[in-house]
Amino acid sequence: MKESISAVEAAAKIITGDDRATLGAALKNLENKHQLHPSLKDGFLKIYGYTNDTGIRHALSDNDNAVDEADARFMLVSCSAFSNYLISKFST
């Protein structure tokens, strides 16, 4: 799951040309400069937040069962789709 959301962050950084941006900053840039729909931005920020809440990105959870295969598949498919969307929509 960490790699899935990190792929979205990497795609957004590449598209914005800001390799130091967080996902939030990169998506805000895409919203302001490239008309990324605010609901798409907000939705992915919530998914990004979900990875924080479950301890995925920073290994804060001692609960090995915090996520399961269904969660991992959802993140893989969703993040892959969103990364591809960003690339096809905003890459020049």
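Residues numbered from 1 in each chain as written. Predicted model: local features only at pLDDT ≥ 70, side-chain atom pairs only at ≥ 80, totals over all residues. Heavy atoms only, no water.

Okay, the side chain of K41 next. Residue placement: K41 occurs in helix α3 (residues 38-53). Polar side-chain contacts of K41 include one of 3.0 Å to the side chain of E31. Contact partners of K41, with chain neighbours within four places excluded, come to L27, K28, E31 and L36. (Helix = DSSP H or I, 4+ residues; strand = E, 2+ residues; numbered from the N terminus. Polar contact = N/O pair within 3.5 Å; in protein donor to acceptor, adjacent residues only side chain to side chain. Contact = heavy atoms within 4.5 Å.)

Our focus in this paragraph is the environment of I5. By the secondary structure assignment, I5 is in helix α1 (residues 2-16). Taking relative accessible area as the criterion, I5 reaches 0% and is therefore assigned buried. Taking C-alpha positions, I5 is 8.8 Å from S80, a pair spaced 75 residues apart along the chain. (Buried < 20%, exposed > 50% of the residue type's maximum accessible area, 1.4 Å probe, protein only.)

Right, let's get into the packing of α1 against α3. For any two helices packed against each other, one specifies the inter-axial angle together with the distance between the axes. Interaxial distance between α1 and α3 falls to 10 Å at its minimum, and their mutual angle equals 140°. One finds that α1 runs oblique with respect to α3. Handedness of the crossing formed by α1 with α3: left-handed. Here I5, V8 and E9 of α1 come into contact with α3, specifically with F44, I47, Y48 and T51. Its residues assigned to classes, the contact of α1 with α3 comprises five nonpolar, one polar and one charged. (Axes fitted to C-alpha atoms, helices over the stretch in contact; angles between N-to-C directions. Parallel < 35°, antiparallel > 145°, perpendicular 65-115°, else oblique. Left-handed = near helix turned anticlockwise from the far one by under 90°. Nonpolar A, V, L, I, M, F, W, Y, C, P; charged D, E, K, R; others polar.)

Keep in mind these values describe shape, not function.
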